[in-house]
Amino acid sequence: MKDIYTVIDTVLLSEKATLLAEQNNEYVFKVDRRANKLEIKRAIEQLFGKKVEAVRTCNYAGKLKRQRRSDAGRTANWKKAIVRLKEGETLDLI
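Below is a summary of the structure that appears in this document. It should be emphasised that the depicted structure is a prediction, and the values quoted were computed from it without experimental measurement. (Residues numbered from 1 in each chain as written. Predicted model: local features only at pLDDT ≥ 70, side-chain atom pairs only at ≥ 80, totals over all residues. Heavy atoms only, no water.)

What follows covers a nonpolar patch on the surface. Where nonpolar side chains cluster on the molecular surface, the patch consists of Y5, L47 and F48 and spans about 300 Å² of accessible area. Residue classification places L47 among the partly exposed positions, given a relative accessible area of 32%. (Patch = residues over 30% accessible without salt bridge, like charges linked within 9 Å, V, L, I, M, F, W, Y side chains within 5 Å. Areas by Shrake-Rupley, 256 points an atom, 1.4 Å probe, with all protein chains shown as cover. Salt bridge = Lys/Arg side-chain N within 4 Å of Asp/Glu carboxyl O. Buried < 20%, exposed > 50% of the residue type's maximum accessible area, 1.4 Å probe, protein only.)

See the structure below:
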């Protein structure tokens with residue numbers, strides 16, 4: 001089992017993430033690319049002390065970036081987790 005502090009990287013607070021939190025009780029996190037759904041669920045439950053109902057994950061490829069020269073670099077690949085909490089549970093992220 002991975003350390004829970006390495007599984008969860010940061011909370012993503014965007015307009016879509018705010019709507020998910022308000023309407024579906026779902027919260028969005030940027031997580032380690034190698035973490036699976038069970039590790040993400042354990043990390044959220046231990047960090048916040050809340051019960052998790054479901055976890056969905058999405059893998060994103062890094063984008064090509066070019067700065068003033070012809071050779072391009074890349075941003076890092078990353079993984080997003082959408083975590084649904086059980087009924088009555090909420091997270092105060094702000």
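Next comes the rest of the description.
This part covers helix α3 (residues 37-48). Each α-helix turn comprises 3.6 residues. Residues three or four places apart therefore point the same way. Its 12 residues give α3 an end-to-end C-alpha distance of 16 Å, which sits within 8% of 16 Å, the value for a rise of 1.5 Å per residue. Taken residue by residue, α3 has E39, I40, A43 and I44 as its buried positions. Projected down its long axis, α3 shows its buried positions confined to an angular sector of 130 degrees, all on one face. Contact partners of the buried residues in α3: α1 (4-7), β1 (8-11), β2 (26-31), β3 (52-60) and β6 (78-85). Remark: G49 follows α3 within two positions and exhibits a positive phi of approximately 70 degrees. (Helix = DSSP H or I, 4+ residues; strand = E, 2+ residues; numbered from the N terminus. Expected span 1.5 Å × (residues − 1). Arc of directions from axis to C-beta. Contact = heavy atoms within 4.5 Å.)

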